[in-house]
Amino acid sequence: MKIKYELISQDKKARRGLLHTNHGTVETPMFMPVGTLANVKMLTPEEIKEVGSGVILSNTYHLWLRPDEDVVAKAGGLHKFMNYDGPILTDSGGFQVFSLAKNKKKDITEEGVHFKSHIDGKSLFLTPELSMEIQNKLDSDIAMSFDECIPYPATYEYTKESTERTLRWAKRGKDSFNNPNQSLFGIVQGGAYPKLRKYSAEKTVEMDFDGYSIGGTSVGEDKKTMYEMVDNAIKYLPEDKPRYLMGVGEPEDLLEGVERGVDMFDCVLPTRLARHANAFTPYGKINLKNAKYKEDFTPISDTCDCYTCKHYTKAYLRHLFVAKEGLGGRLLSIHNIRFLIKMTEDMRNAISEGNFIEYKEQFLEKYKN
RNA sequence: GCGUUGUUGGUGAAGUGGUUAACACAUCGGAUUGUGGUUCCGACAUGCGUGGGUUCGAUUCCCACACAGCGCC
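Keep in mind it's a predicted model, so treat the numbers as computed, not measured. (Residues numbered from 1 in each chain as written. Chains lettered and ligands numbered in written order. Predicted model: local features only at pLDDT ≥ 70, side-chain atom pairs only at ≥ 80, totals over all residues. Heavy atoms only, no water.)

Novice: Tell me what's going on with the protein's contact with RNA strand B, and back it up with residues and numbers.
Specialist: Looking at RNA strand B, there are 41 residues lining it, with Cys149, Ser218, Val268, Arg275 and Asn278 nearest. Gln96 is positioned with one of its side-chain polar atoms (N or O) 3.0 Å from a phosphate oxygen of RNA strand B. Elements represented by at least two residues in the surface near RNA strand B include exactly strand 5 (56–59), helix 5 (94–100), strand 13 (264–267), helix 12 (269–275), strand 15 (284–287) and helix 14 (314–322). Among the elements that line the surface near RNA strand B, the one with the most residues is helix 12, at five residues. (Near = heavy atom within 4 Å. Polar contact = N/O pair within 3.5 Å; in protein donor to acceptor, adjacent residues only side chain to side chain. Helix = DSSP H or I, 4+ residues; strand = E, 2+ residues; numbered from the N terminus.)

Here's what the structure looks like:
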């Protein structure tokens, strides 16, 4: 069955809802941890669940290369393969158009995109049809359309050309899509041009997807520009479908996104930062490797309810990072993901109580310091 | 005692008669937004064992001394 979005309550544009999937019902706004290679780096499925995660994200491009989608299909699909029974969303490989296609003009064609494998340098060619075929086999709950994530800055001409091509790719992908148990999201592009965002959103919505995402953000633009991109896309999206802001983000971005009506976020930030000893706290990010934590025997945050904060001190975590012990990254991944997910829980409650803006301002007042 | 080799930052070490003494590790910071697990970027010797000398100029050449290794009585 396809996913179904159910709106529960609304506070201005901020929305609280439920997402019904084949692998359970989850609440929105939600933050989705990224598990590119069929695992959220360093964490077991039990730990992912314990942290309150709704959906996790995995990646078509990476699983295509290794182990390859047929292996996953033989295992019985992505859920069985990785032993995760919650909802999974797969990114289409569109972001790799941004990060791996070196020569945009030459590598990106109407038919598809030429890549060099980041593993062995082999030449690869990914098309909308192939991305759908791989995702159909992976059998995630939500598949993403194959798009081009446009760099920033980009000229109006290039953005227009690319945005139109992404629309044609979306249509081709949808036409070849072949898995009745899987949902498919369309992706709004249009770069930083309001006119193109509107065009992309309206044309994408016409194709009638199961959900819509806003792509092409967090690619180097300033925050003001990013929030404008969201504003200029989201007003054309239907109320009865989930909205997903791709690749975002930082705590302040979640607040700004939810305020504008975003339901879903994903970001590598909590896990990547964790591997490099950076921790989210209510008072901003801290670097646990700093010498000042050498004898700090308090938790990262005394108001955090995560496993790590309940059992370990900053001094111990610092020791693990300085000694390059993997447990540090693991414990901090738990904390950082929990931090963002707890934020979404608090935001949901604030929406229900009609005081989202107050929550946001209180949060930011502390966090900015 | 004689001969010989060596003495460069917290560590291992390059190097040159002439503007800022290489590099690595350690240390100390910073970055990270549809993954970079081992990543990226900064800072870090006012000084080359000590004291003299030669020279316009010495960490580099010379002498003495100190210390360390090796060899010989």
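Novice: If you had to explain the sheet that holds strand 3 (residues 24–28) to someone new, which residues and values would you point to?
Specialist: The strand order across the open sheet built from three strands is 1-2-3, with neighbouring strands paired in antiparallel fashion. In the strand order of this sheet, the two ends are held by strand 1 (4–11) and strand 3, each with one partner. Neighbour-to-neighbour, the strand axes of this sheet turn through a mean angle of 15°, independent of strand direction. In this structure, strand 2 (residues 14–21) lies alongside strand 3, joined through five bridges in antiparallel fashion. Within strand 3, the position partnered with His20 by the bridge is Thr25. Against the sheet, helix 15 (residues 326–353) makes contact with strand 1, strand 2 and strand 3, and its axis sits at roughly 120° relative to strand 2, the strand it touches most. (Pairing = 2+ DSSP bridges. Axes fitted to C-alpha atoms, helices over the stretch in contact; angles between N-to-C directions. Contact = heavy atoms within 4.5 Å.)

Novice: For the pattern of salt bridges, give the residues involved together with the corresponding values.
Specialist: As a working rule, side chains carrying opposite charge can pair if their charged atoms are close by. The full count for this structure, using the stated rule, is 29 salt bridges. Note that Glu202 is salt-bridged to Lys198, the shortest N-O span being 3.3 Å. Note that Glu202 and Lys198 are positioned in helix 9 (residues 194–206) at a spacing of four residues, about one turn of the helix. Several salt bridges converge on common partners, so that one network encompasses Asp231, Glu256, Glu259, Arg260 and Lys360. (Salt bridge = Lys/Arg side-chain N within 4 Å of Asp/Glu carboxyl O.)

Novice: Pulling in residues and values, what's your account of unusual backbone geometry?
Specialist: Note that the residue after Thr28, namely Pro29, is joined by a cis bond; omega there is 0°. Examined against the element boundaries, Pro29 turns out to sit in the loop between strand 3 and strand 4 (30–33). A cis amide bond, omega 0°, links Val248 with the succeeding residue Gly249. Within the secondary structure, Gly249 is located in the loop between strand 12 (243–245) and helix 11 (251–259). Its identity as a non-glycine residue notwithstanding, Lys12 has a phi of 55°, on the positive side. Within the secondary structure layout, Lys12 lies in the loop between strand 1 and strand 2. Note on Lys12: relative accessible area 69%, which makes it exposed. One non-glycine residue, Ala277, adopts positive backbone phi at about 75°. (Buried < 20%, exposed > 50% of the residue type's maximum accessible area, 1.4 Å probe, protein only.)

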